[in-house]
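# Chain and residue survey
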Amino acid sequence: MWHVRRIGLMVFLILLAGCNRNTGVVPQPSLSEPAWFEDVTARAGLKFQHDCGPITSSYFMPQMFGSGCAFFDFDGDDRLDIFLLHNGGPSGAKYQLFQQQTDGTFRDVSVGSGLDVAGYGMGVAIGDVNNDGRPDIAITEYGATRLFVNERTGRFREVTRAAGLDNPQWGTSCAFFDYDRDGNLDLVIANYVDYDKSIKCTSRGGKLDFCGPNFFGSTVARLFRNLGSAAGMEIRFEDVTAKAGFGAAKGKGLGVLCADFDGDRWPDILLANDIMANHLWINQRNGTFREEAIKRGIAYTVSGASAANMGTAWADVDGNGLFDVFITHLVDETHTLWKQNTPGFFEDRTIAAGLTTGRRSTGFGTAFVDLDRDGWVDLPFVNGAVVRNPTARDSDPFWSQYVQRNQLYANLGKGKFREISEHNPALCGFDCVGRGLAVGDFDNDGAPDLLVTEIAGGARLLRNIAPANGHWLGVRAILPKHRRDAYGAEIRVRAGGATYARLLYPGYSYCSSSDPRCFFGLGQFKRYDGITVIWPDGTEELFAGGAADRQVELRQGQGSPASNPKR
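Thresholds applied
Numbering of residues starts from 1 in every chain and runs along the sequence as written. It should be noted that, the model being predicted, local features are given only for residues of pLDDT at least 70 and side-chain atom pairs only at 80 or more, the latter also being counted only at that level, while totals for whole chains, interfaces and linings use all residues. Hydrogens are left out, water is left out, and the side-chain values use all remaining heavy atoms of the structure. Criterion used throughout: strands pair if DSSP finds at least two bridges between them. The secondary structure listing takes helices from DSSP runs of H or I that are at least 4 residues long and strands from runs of E that are at least 2 residues long, numbered from the N terminus. For helices, the fitted line uses only the C-alpha atoms of the stretch in contact; every axis is such a line through C-alpha atoms, and the angle between N-to-C directions lies from 0 to 180 degrees. The rule for a salt bridge is simple: a side-chain nitrogen of Lys or Arg has to be within 4 Å of a carboxyl oxygen of Asp or Glu. Only protein chains enter the accessibility calculation, which uses a 1.4 Å probe; a residue is then buried when its area is under 20% of its type maximum, exposed when over 50%, and partly exposed in between. Residue ranges for the domains trace back to a domain assignment, done automatically or taken from a database. Note on definitions: buried area is the accessible-area loss of two parts on being combined, 1.4 Å probe, summed for both. Counted as a polar contact is a pair of N or O atoms within 3.5 Å, where, for protein atoms, one must be capable of donating a hydrogen and the other of accepting one, and residues adjacent in sequence contribute only when both atoms are in side chains. Think of it as three bins: nonpolar holds Ala, Val, Leu, Ile, Met, Phe, Trp, Tyr, Cys and Pro, charged holds Asp, Glu, Lys and Arg, and polar takes everything else, Gly as well. The disulfide definition used here is simple: a pair of cysteine sulfur atoms within 2.5 Å. What we call a nonpolar core is a set of buried Ala, Val, Leu, Ile, Met, Phe, Trp, Tyr and Cys residues that are connected through their side-chain atoms within 4.5 Å. In this analysis, two residues are considered to be in contact whenever any of their non-hydrogen atoms come within 4.5 Å of each other.

### Regarding the sheet that holds strand β11 (residues 171-177)
- What the 4 strands build is an open sheet, ordered β11-β12-β15-β16; its pairing is antiparallel. Two strands lie at the open edges of the sheet, namely β11 and β16 (236-239), each paired on one side alone. Here the strands of the sheet are splayed against their neighbours by 25° on average, with no regard to which way each runs.
- Of the strand pairs in this sheet, strand β12 (residues 186-191) and strand β15 (residues 222-228) are connected by 3 bridges, and their pairing is antiparallel. When the sheet's bridge partners are listed, valine 188 is paired in β15 with leucine 223.

### Some details on the pattern of salt bridges
- Within the structure shown, the criterion is met by 30 salt bridges.
- The salt bridge involving arginine 43 is made with glutamate 38; its shortest N-O contact spans 3.4 Å.
- One salt bridge in this structure joins glutamate 158 and arginine 146, with 3.1 Å as the shortest N-O distance. Of this pair, glutamate 158 sits in strand β10 (residues 156-158) while arginine 146 sits in strand β9 (residues 144-150); the two residues are 12 residues apart in sequence, bridging distant segments of the chain.
- Taking relative accessible area as the criterion, glutamate 158 reaches 37% and is therefore assigned partly exposed.
- Here the residues in one salt-bridge network are Glu38, Arg43, Asp443, Asp445 and Arg463, joined through shared partners.

### Here's the deal with the domain arrangement of the protein
- According to the domain assignment, the protein contains domain 1 (39-472) and domain 2 (473-561).
- For domain 1 versus domain 2, the distance between C-alpha centres works out to 22 Å.
- Across the domain 1 to domain 2 interface the summed buried area is about 4,000 Å²; carbon plus sulfur atoms make up 51%.
- Our count for the domain 1 to domain 2 interface comes out at 1 salt bridge.
- Salt-bridge contacts for glutamate 540 lead to arginine 265; the nearest nitrogen and oxygen are separated by 2.6 Å.
- Our count for the contact surface shared by domain 1 and domain 2 stands at 31 residue pairs in polar contact (both at pLDDT 80 or more).
- A breakdown of the residues in the side of domain 1 that touches domain 2 according to their chemical character gives 27 nonpolar, 22 polar and 13 charged.

### Structural notes on the state of the cysteines
- Tallied over the full model, the rule gives 1 disulfide.
- With its sulfur 2.1 Å from that of its partner, cysteine 201 forms a disulfide with cysteine 211. Taking the sign of the S-S torsion, 95° for the link of cysteine 201 and cysteine 211, the bridge is right-handed. Separated by 10 residues along the polypeptide, cysteine 201 in strand β13 (residues 200-202) and cysteine 211 in the loop between β14 (208-209) and β15 bring together distant segments of the chain.
- Of the residues examined, cysteine 211 reaches a relative accessible area of 4% and is grouped as buried.
- In this structure cysteine 258 is not part of a disulfide, and its nearest cysteine sulfur, from cysteine 174, lies 10.0 Å away.
- Free of any disulfide, cysteine 511 has its nearest neighbouring cysteine sulfur in cysteine 174, separated by 7.5 Å.

### Details of the nonpolar core
- Membership of the largest hydrophobic core comes to 57 residues, with the highest contact counts inside it found for Phe246, Phe261, Ile269 and Val325.
- Residue assignment places this core across two domains, with domain 1 (39-472) and domain 2 (473-561) each supplying three or more.
- If we ignore the near neighbours within four places in the chain, the residues touching valine 325 are Leu257, Phe261, Leu270, Ile298, Ala313, Trp314, Thr336, Leu337, Trp338 and Phe346.
- If you look at the next biggest cluster of nonpolar residues, it comprises 55 residues, including Ala125, Cys174, Leu479 and Leu522.

Spelled out as structure tokens, the structure:
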């Protein structure tokens, strides 16, 4: 739990400070194992310093929770671009858009992009809301959610009010998905606590510190249905939160994961709640949802306790054909892996997976991604404390009192993990207050790369240099009718008797959005035998096999219908 307590209102005089800190010396990798990443931030020209606002005696809680990041191709040139948020408030630094150039470097094109606005930036979701072939952007902030449509000219236009999006709460992670299968991307927003900034808190030793969520009321997650747009008309959303049944359970949401949890081919919603039970909203296929987290085993950890649930990841970690869930937690808890052995039901198998070994940490952004292409998804996550570290000294720079180090676990096969952080200094060898993590193959070499963010620090672009332990396949799935990526499609690649499963869904992790393409490590197999796609509308198609080590594009309607389709 959070080690903070509330104190009465009083005046605290603290020297006004900026958000700079000393990250220390990055150690060299061990000679016993090769590193999996190299930091190419400077070489790529990614110049960014996160603005979290001034440090004052208020210990403004939203400063502790931003900001996320995004990989996406905003200009349609098949090169991933980058979007980064600040958290300095309306008078702080403006959000930044970086366009990837033909030489692999990134140019800051923020000015005049329409995204050069400021706020208490928390999370970002990417999706084509008007089905015009270019991705649009939703941004959550403390006190607002904003929507920007891509005008296909290198500019974005804010349409929040005209679109009917109104979320004055503290939004965190958000995601686009098509819950009613009508072809239009809807928006779900995880809202955090009902924050009262007049409340002051202390941590260990009675020192003033950021408050924990237990001092504030819960909130309701928001669901906005995309109504589409008539010719020449603006995109419109309807707030269906109450109609969908979300008011039945309040939470303190930090992470959101939209996937088919019960196997009926309709997307459900997992909300990762801080210091309380998770919520799993099962789609009733009639516009409503039913909360079933306890029934399906994913509300609590194996001890029966609620935890500080934050970042989320979704993949089949052990090759049994069923997707599993990982959620990051606090330093005095255990990050948790819920495995799906019986379809539709989950059990905490963290210890058996080897994920209780290694350093203890407070985790945020995370992902399941096959970094070494051996056919098994690996597990990186970024870390940073939410209350002052016990060993911190008053003389330390402010944010240095909250730093931790990121971590990386390699999947040894069948969902057994081993920590390899010490061999990966580019990701894990420096102190930071980590928050966002996005996955994307920015150099199109088939090896997924990482983008990570930290409070009061720079964004880091980490190129995957892991020794290739196998072949690979990149898959982009398209809905031609809607001119966009097939968010919610389940893609299964068959090779050499094994089946590798992925979900096309970029909204996992924490407050971040990843590459919409799916990447598969194929191990020793130089060819794949075929691909099965369950499209977002529930239909199923088969696509022929071919050579590995390339990217393929699958378009709905161009495959062969499955012999026994289930809808």
